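Breakdown of the fold
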Amino acid sequence: MTTWTRRGVLGAGALGALAACSTGGQEPTPPTPAAPPSGTSSGKVDWGRLRRSVRGELARPGGATYDQVRLLENPRYDGERPLAVLSVADAEDVATGIRFAQDHDLPVAIRSGGHSYPGWSGGGSPRALVLDCRPLSGVTLDGATATIGAGTALASVYDTLGSGGRAIAGGSCATVAVGGLTLGGGVGVLTRAMGLSCDAVTSMQVVTADGKVRTAGADEEPDLYWALRGGGGGHLGVVTSFDFTTSAAPTLDTVYLQWPISAAPDVLAAWQDWAPDADPRLWSTLKALGGQQHAGGPILLLSGTWTGPGDAFDRQLSGLLDHVPSPSTRSTQTRSYLEAMLSYAGCGSIPIDRCNTGPGGSLDRESFGATSHVAYDALSSAGIGDLLDQVQGAQSSGLKEAGISIDALGGKVRDLAPDATAFVHRRALATVQYTATFPSGTADAADAYAHGFRAAMLPHWGNHAYVNYADPTIDDAQAAYFGANADRLAQARTTYDPDGFFTQPQDF
């Protein structure tokens, strides 16, 4: 058995946005006095009791670490001021925090990394006790099995597993944590070759609303195990660690292509017919981006990975390139799994202990707004036209960068039935992200752009959405995220949290 452990203050908790993991940032909001917790009649809470009862650290307003540990990865939520942040040291700390919150009638917010798109893990509205799992960042590799703490950032996961010659499929944002990624399903650059992140989970440790530390797997708590693989976080308990079955780390061929936006009608039409049904070893994402960073006009780009024989890569790409205008830029590379994943994460030239946004880290936070679709149908020419109208609209939006990212599904994702796990979108063509990064003070414009883009595409893609890109404005969110699996998830909620202690928005 080989064990590596990396502990840090900041990680993340959901798959990254178009550009939301890289640049930008703003100063934290100055401290304001703490209000009494809303769930107590006297406003008196024995925080000292909680501090004495845990191994982790409890940060309260005015404390030395509070204004650091309360921050999420999106600076737009720097004004969130939770009642307290409990940086847990283990599952027992989580259980203690849950019991304390129940004793004092306090809401809780659960944070595995800090990438909640609506800021729900900030614990500021309503003001809550944050159960912060980011310190749970140990990784143990024992043969083909990796045990990974829920707060472990993906850059550390890739560094650890890749150094051991093993791999799992995950996202491309360095600071996203395993917990948030996996609980929502987990899409990324190896999804088609290896399946969703949750598909490799054999068991997980979870603290439920009754304060019990449980192991959920196929033979133990099977309904909980089913629900936690794609059902989203915050509904059923606090997952503290995962056991993954890893694969041998592949050699990756990667490609980057760019076209002028004038080629977009042809490329979009060809890509949507090619990418979801290509060889499962080939994954790609197609992005159309505009905004201030693209003063010359919007751009269209493709990024892809191939895990098959290197001499077959060009032949695989020809399935697209033979049917579209020649790209203006083409770049290919062959790299190890470790090199490729750290490069995708923006950490190819950064020491792993600095591949974060915390104190001493080399990455910056960036303010953004986002929402999503899950696409089951190929776009008609009218749909492509509506999409491109929205991309062109980014040029007059005042936003730094805004547009759409379409990530191919298919491959191994389709090997399981839609009801095999809580992730229902097994037969979809792609997940879709609408994202807008913005200068300080323009959050409303970013939200209006992202939501407006989604609204324009509703006639073409319906209401399906991806729970890891949570959006409180989505109508009938349970159906959008979980489809036919929503009823079984609701039953799991009744079983494991009958009193509705966990109050994640868009709950069952």
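Residues numbered from 1 in each chain as written. Predicted model: local features only at pLDDT ≥ 70, side-chain atom pairs only at ≥ 80, totals over all residues. Heavy atoms only, no water.

1. Let's talk about the overall build of the chain
A count of helical and extended segments in the chain gives 14 helices and 19 strands. Over its C-alpha atoms the chain spans a radius of gyration of 22 Å, differing by no more than 12% from the 23 Å that the globule rule assigns to 508 residues. Reported as C-alpha extents along the three principal axes, the dimensions of the chain are approximately 70 × 50 × 45 Å. A fraction of 76% describes how many contacts in the chain between residues 6 or more apart in sequence connect residues 24 or more apart. Of the side chains in the chain, 35 bear a positive and 50 a negative charge, and the two mean positions are spaced by 6 Å. (Helix = DSSP H or I, 4+ residues; strand = E, 2+ residues; numbered from the N terminus. Rg over C-alpha atoms; globule rule 2.2 N^0.38 Å. Contact = heavy atoms within 4.5 Å. Lys, Arg positive; Asp, Glu negative; His and termini not counted. Charge placed at Lys NZ, Arg CZ, Asp CG, Glu CD.)

2. Digging into the sheet that holds strand β2 (residues 57–59)
What the four strands build is an open sheet, ordered β2-β3-β5-β4; its pairing is mixed. Where the open sheet ends on each side, the last strands, each with one partner, are β2 and β4 (108–111). Strand-to-strand twist of the sheet, defined as the mean angle between neighbouring strand axes without regard to direction, takes the value 20°. Judged from the four bridges that link them, β4 and strand β5 (residues 129–132) form a sheet pairing that is parallel. Bridging from a neighbouring strand, Ile110 pairs with Leu131 of β5. Sheet strands touched by helix α3 (residues 91–103): β3 (84–87), β4 and β5. Its angle to β5, the strand with the most contacts, is close to 170°. (Pairing = 2+ DSSP bridges. Axes fitted to C-alpha atoms, helices over the stretch in contact; angles between N-to-C directions.)

3. A word on the environment of Glu80
Tracing the backbone shows Glu80 in the loop between α2 (66–69) and β3. Given a relative accessible area of 18%, Glu80 falls into the buried group. A sequence separation of 197 residues divides Glu80 from Asp277, and the C-alpha atoms of the two residues are 43 Å apart. Once residues within four sequence positions are removed from consideration, Glu80 is found in contact with Arg70, Gly119, Gly122, Gly123, Gly124 and Ser125. (Buried < 20%, exposed > 50% of the residue type's maximum accessible area, 1.4 Å probe, protein only.)

4. Describing helix α8 (residues 264–274)
Among the residues of α8, those classed as buried are Ala264, Val267, Leu268, Ala270, Trp271, Gln272 and Trp274. In the core, the buried residues of α8 are packed alongside β13 (251–260), β14 (282–290), β15 (299–306), α9 (313–321), α11 (381–393) and β18 (401–408).

5. Overview of the pattern of salt bridges
Taken as a whole and assessed by the stated rule, the structure comprises 18 salt bridges. Close ionic contact of Arg70 with Asp67 constitutes a salt bridge, the shortest N to O distance being 2.7 Å. Given the relative accessible area of 28%, Asp67 is considered partly exposed. Taken together, the salt bridges that share partners define one network made up of Asp67, Arg70 and Arg81. (Salt bridge = Lys/Arg side-chain N within 4 Å of Asp/Glu carboxyl O.)

6. Considering the environment of Tyr449
Of note, Tyr449 is situated in helix α12 (residues 443–461). Since its relative accessible area comes to 9%, Tyr449 is described here as buried. In the structure, Tyr449 is positioned 47 residues away from Ala402 in sequence and 7.9 Å away in space, judged by C-alpha atoms. Ignoring anything within four residues of it in the chain, the contact list for Tyr449 reads Gln390, Val391, Gly393, Ala394, Leu399, Ala402, Gly403 and Ala436.

7. Regarding the sheet that holds strand β17 (residues 368–375)
Reading across the sheet, the seven strands line up as β16-β13-β15-β14-β18-β19-β17 and stay open at both edges, with antiparallel pairing between neighbours. The open sheet has two edge strands, β16 (329–336) and β17, and neither has a second partner. Here the strands of the sheet are splayed against their neighbours by 15° on average, with no regard to which way each runs. Sheet analysis places β13 next to β16, joined by eight bridges and oriented antiparallel. Looking across to β16, one finds that Leu252 is bridged to Arg335. Its contacts with the sheet put α8 on β13, β14, β15 and β18, and the angle it makes with β14 is roughly 155°.

8. A short note on helix α14 (residues 486–496)
Those residues of α14 lying buried are Ala486, Leu489, Ala492, Arg493 and Tyr496. Considered in projection along α14, the buried side chains sweep an arc of 115° and stay on one side of the axis. Summarising the contacts, the buried residues of α14 are in contact with β10 (213–217), α7 (222–228) and α13 (477–482). (Arc of directions from axis to C-beta.)

9. Quick notes on the nonpolar core
Counting residues in each nonpolar core, the largest one holds 62 residues, and the members touching the most others are Ile148, Met204, Leu228, Phe242, Phe244, Cys355 and Tyr481. If we skip the residues at most four places from it in the chain, Cys355 touches Ala155, Ala174, Thr175, Cys347, Ile350 and Leu363. Residues Ala263, Trp274, Leu399 and Ala430 belong to the second largest nonpolar core, which totals 49 residues. (Core = buried A, V, L, I, M, F, W, Y, C linked by side-chain atoms within 4.5 Å.)

10. Overview of the packing of aromatic side chains
All chains considered together, the criterion is met by 12 aromatic pairs. Taking the centre distance of 5.9 Å and the plane angle of 85° together, the rings of Tyr449 and Phe453 count as edge-to-face. Here Tyr449 pairs with Phe453, and both are found in helix α12, just four residues apart, close to one helical turn. Phe453 carries the same exposure label as Tyr449, and that label is buried. Aromatic rings pair up to connect Tyr117, Phe368, Phe423, Tyr466 and Tyr469 into one cluster. The aromatic ring of Tyr225 is capped on one face by Arg229, whose charged end is 3.8 Å from the ring centroid. Above the ring of Trp226, the side-chain terminus of Arg488 is found at 4.0 Å from the ring centroid. (Phe/Tyr/Trp six-rings, centres within 6.5 Å; stacked < 30°, edge-to-face > 60°. Lys NZ or Arg CZ within 6 Å of the ring centre and 35° of its normal.)

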